[in-house]
Every structure is written in structure tokens, then in C-alpha cells.
Amino acid sequence: MKITYYSHDVFLLEHDGTKLIIDPFLTGNENAPIKAEDVKVDYVLLTHAHPDHLGDGVVLAIKNDATIIAPFEVTLICQSLGAQKTHAMHIGGAHNFDFGRVKLTIAHHGSAWIDDKGVHYGGNPCGLLITMGGKTVYHAGDTGLFMDMQLIGEMNSIDVALLPIGDNFTMGIDDAVKAVEFLNPALSIPMHYDTFPVIEADPKEFTAKVEAVRQKARVMQYGETIEI
Ligand code: NI
Ligand code: MN
């Protein structure tokens, strides 16, 4: 599987010709190295409806004839914004797609879309366990630390954990390091930092602290691709 990082929580996962994008916040994201119009994808996965996650999701889905996979309430928002192809799921549920398996996990956070018509309720936010090409990626979404991460780590062999470190809205660095200990992934990658002043964080501090607990972490540059 190939993983490309586009800053914030935006990751492109690719295997066997299928491309999934997670939380595509590109327009209005100064750290994003690409523009929404340059993205080609088959699926758009959304952890919650906050504008820095749903982002360009509907535009990308329409332009690429891609399917949106998201919690039920988020798919309703996407439909109201014009999305035709959606697959609703909810926390604890998994589904086998043509590319692999997706399971929604809990995330302690909120979920609403805000536009000129007001605030649209997005239900419960989620994290994503994505298994494709024999590899499992855990995208925690926006969340605080929670004890059930231990259970997620126990029940899944996680190859890569994508964890927020920016604090204020999500886990900060020290809680994210504890999350790594709970999840026990082969590799951890920090996300959700430096996009706005209030979530500035040093990803190198995260990787150093993860290594201090004898786990592996690395910082991905904006636009960088790794193969796992
Ligand atoms: Ni959020
Ligand atoms: Mn966020």
C-alpha cells in the first residue's frame, strides 16, 4: 500500500489501482501541497463533518464519480450538498468494499458542518480502520485519548497509526504517545498539527517521545509518499 500525506489529516491510500482519500481539507489549507482539482480518487473517507475534515470531500466525490464513506449523519450532509454516491456506516461496524475493509471506531470529539445556511448536525465522529492489500491503517480522526485504543490495538495488527498531536481540539503529544503504547502499531505518523496557530506542535518531539517508549514513528513531509 502507498500512503501519501497532504498535511493536516489528509492522506491518500493507494493499492492495486484504487485510491482512497481521507478527510480532504485542501481548499483553505495553506499547508496542502496540491489543489482539490488535481486529486483523482475512487473513494472519499470522512471521519466527521468539521470543515477541516469534510473539506473538499463533496466536490471531489462529484468530480471523480467517487463514493463517500462516512458516518450516517455525515453522508446526509454530503447528500444535501449534492453528493450522489455515499455509503453510510457507523461506529463498530465494518464493511468489505472492492478495495478492502473499513471499520469505524469511536472518536471523542464533535461533528458539524457549517455553511451560510447554518450549522448541520454531523452525529458522532469516528476513527477509521482500513485494511487494504494485507495492510491495516488506523486513522484516529479528531479525538482525545481513550482507553479503548488498547482494545483496538489488541484486536488489530496495525501497520500504521495516524494520530493527531496538535492539542487544543485533539490529543496533544504526550497523550498521542500513550495512544501509541495502547495501539502498538508497526509505525506511527503524526497529523493534525501546524495547520492553524492554535494547533502548532513539534512533530519531532512526538517521534522522539515515541522512540523513548521503544516504538517507531516518523514525520511525513507534505506531499511525501511512503510504501508499506
Ligand atoms: Ni474536528
Ligand atoms: Mn480537525
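Residues numbered from 1 in each chain as written. Chains lettered and ligands numbered in written order. Predicted model: local features only at pLDDT ≥ 70, side-chain atom pairs only at ≥ 80, totals over all residues. Heavy atoms only, no water.

1. A word on the coordination of the nickel ion (ligand 1)
And step 1. The nickel ion (ligand 1) binds to the protein through His-48 (NE2), His-50 (ND1), His-109 (NE2) and Asp-142 (OD); the donor distances cover 2.2 Å.
And step 2. Each of the 4 donor atoms bound to the nickel ion (ligand 1) contributes to angles spanning 87 to 175°, and the resulting shape is irregular.
And step 3. Counting the intervening residues between successive donors of the nickel ion (ligand 1) yields the motif H-x1-H-x58-H-x32-D.
And step 4. The metal-metal distance between the nickel ion (ligand 1) and the manganese ion (ligand 2) comes to 3.2 Å, with Asp-142 coordinating both.
And step 5. The class of His-48 is buried, set by a relative accessible area of 0%. (Donors = N, O, S within 2.8 Å, 3.2 Å for Na, K, Ca; no water. Tetrahedral: all angles 85-135°; square planar, octahedral: opposite > 155°, others 65-115°. Buried < 20%, exposed > 50% of the residue type's maximum accessible area, 1.4 Å probe, protein only.)

2. Quick word on the sheet that holds strand β11 (residues 126-132)
And step 1. Taken together, the 6 strands give an open sheet; going across it, the order is β7-β8-β11-β12-β13-β14, and neighbouring strands pair in mixed fashion. Only two strands of the sheet have a single partner each, and these edge strands are β7 (94-96) and β14 (187-191). Across the sheet, the mean angle from the axis of one strand to that of its neighbour is 15°, orientation sign disregarded.
And step 2. Here β7 runs beside strand β8 (residues 101-106); their pairing, made up of 3 bridges, is antiparallel. Bridge assignment links Ala-94 to a residue of β8, and that residue is Lys-103.
And step 3. Where helix α5 (residues 173-183) meets the sheet, its contacts fall on β12 (135-139), β13 (160-164) and β14, and the angle it forms with β13 comes to roughly 155°. (Pairing = 2+ DSSP bridges. Helix = DSSP H or I, 4+ residues; strand = E, 2+ residues; numbered from the N terminus. Axes fitted to C-alpha atoms, helices over the stretch in contact; angles between N-to-C directions. Contact = heavy atoms within 4.5 Å.)

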